[in-house]
Amino acid sequence: MMQTKTLLAALVAATLALTACGKNETAGASTAAAPADQSVVKAREDLMTDWRRANQTLKGMIENPSTFDAATFKENADKIANSTEQMWTYFEGEAAKGGEAADAIWTDATGFKAETEKFTAAASALSAAAATASSAADVEKLYGEMASSCGSCHKGFRND
């Protein structure tokens, strides 16, 4: 009986340790893989929805500069930039196929990787500029580059 309790305690401790390894506390976000009860496709779609919301906020401030709020802009630019690495993991392997992801992601992996790298760089540049922006004009060009990269990737690698 004592051996069973010891084994059970060791299994619980190992599980907790492995769970903690998947956490990234930087920027207050978890970058753990998709939860076990959630498919990779669903996790990807959920993160893409978060990006869409953040982008709508950014776009609104670019289109109507009088509504520009530096802190809100930075928060939303960071939300996208800080989760790009996580997003690209949701396109790995057979389990990732499906949803609106086009087969070209896997048949043209080199082209898809180039698009993801371009988007990651554009999102990072926008986030960096947002740190010191005091107006929409300060980030308009970089926002346009990120938005263009987003659209470019969707044209080649998304089923509509």
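The following refers to the structure shown. Since the model is a prediction, treat every value here as computed from it, not as a measurement.

**A closer look at the nonpolar core**
So, step 1. Core analysis: the biggest nonpolar cluster contains 33 residues, and Phe73 and Met146 have the highest contact counts within it.
So, step 2. Those elements that provide at least two residues to this core are helix H2 (40-63), helix H3 (70-81), helix H4 (84-89), helix H6 (109-130) and helix H7 (140-157).
So, step 3. The element contributing the most residues to this core is H2, with 8 residues.
So, step 4. Beyond its immediate sequence surroundings of up to four residues, phenylalanine 73 is in contact with Leu58, Met61, Ile62, Phe68, Leu126, Ala130 and Val139.

**Quick look at the pattern of salt bridges**
Where side chains of opposite charge bring their charged atoms close, a pairing between them can arise.
So, step 1. A full pass over the atoms with the stated rule returns 9 salt bridges.
So, step 2. Across the pair aspartate 46 and lysine 42 runs a salt bridge whose closest N-O atoms are separated by 2.8 Å. Taken together, the residues aspartate 46 and lysine 42, both in helix H2 and 4 residues apart, mark about one turn of the helix.
So, step 3. The class for aspartate 46 is partly exposed, based on a relative accessible area of 27%.
So, step 4. Among the salt bridges present, the one from lysine 113 reaches glutamate 117, with a minimum N-O distance of 3.1 Å.

**Remarks on the side chain of threonine 116**
So, step 1. Tracing the sequence through the fold places threonine 116 in helix H6.
So, step 2. Threonine 116 sits in the buried class, given a relative accessible area of 7%.
So, step 3. Here lysine 113 takes part through its backbone oxygen, which lies 2.8 Å from a polar atom of the side chain of threonine 116.

Reading guide: rules and limits
Once a new chain begins, its residue numbering starts again from 1 and follows that chain's sequence as written. With pLDDT at 70 or above as the cut-off, local features in this predicted model cover only qualifying residues; side-chain atom pairs require 80 or more to be listed or tallied, and sums for whole chains, interfaces and linings still use all residues. Heavy atoms throughout the structure, all of them, feed into the side-chain values; hydrogens and water do not. Here, nonpolar core means buried Ala, Val, Leu, Ile, Met, Phe, Trp, Tyr and Cys residues that are tied together by side-chain atoms lying within 4.5 Å of each other. Relative accessibility under 20% of the residue-type maximum defines a buried residue, over 50% an exposed one, and the middle range a partly exposed one, all with a 1.4 Å probe and only protein chains included. Labels follow the DSSP assignment, with helices taken as runs of H or I lasting at least four residues and strands as runs of E lasting at least two, numbered in each case from the N terminus. We call two residues in contact when some of their heavy atoms are within 4.5 Å. By convention in these notes, a salt bridge is any Lys or Arg side-chain nitrogen within 4 Å of a carboxyl oxygen on Asp or Glu. Definition of a polar contact: a pair of N or O atoms within 3.5 Å, with one able to donate and the other able to accept a hydrogen when the atoms are protein atoms, and with sequence-neighbouring residues admitted only if both atoms are side-chain atoms.

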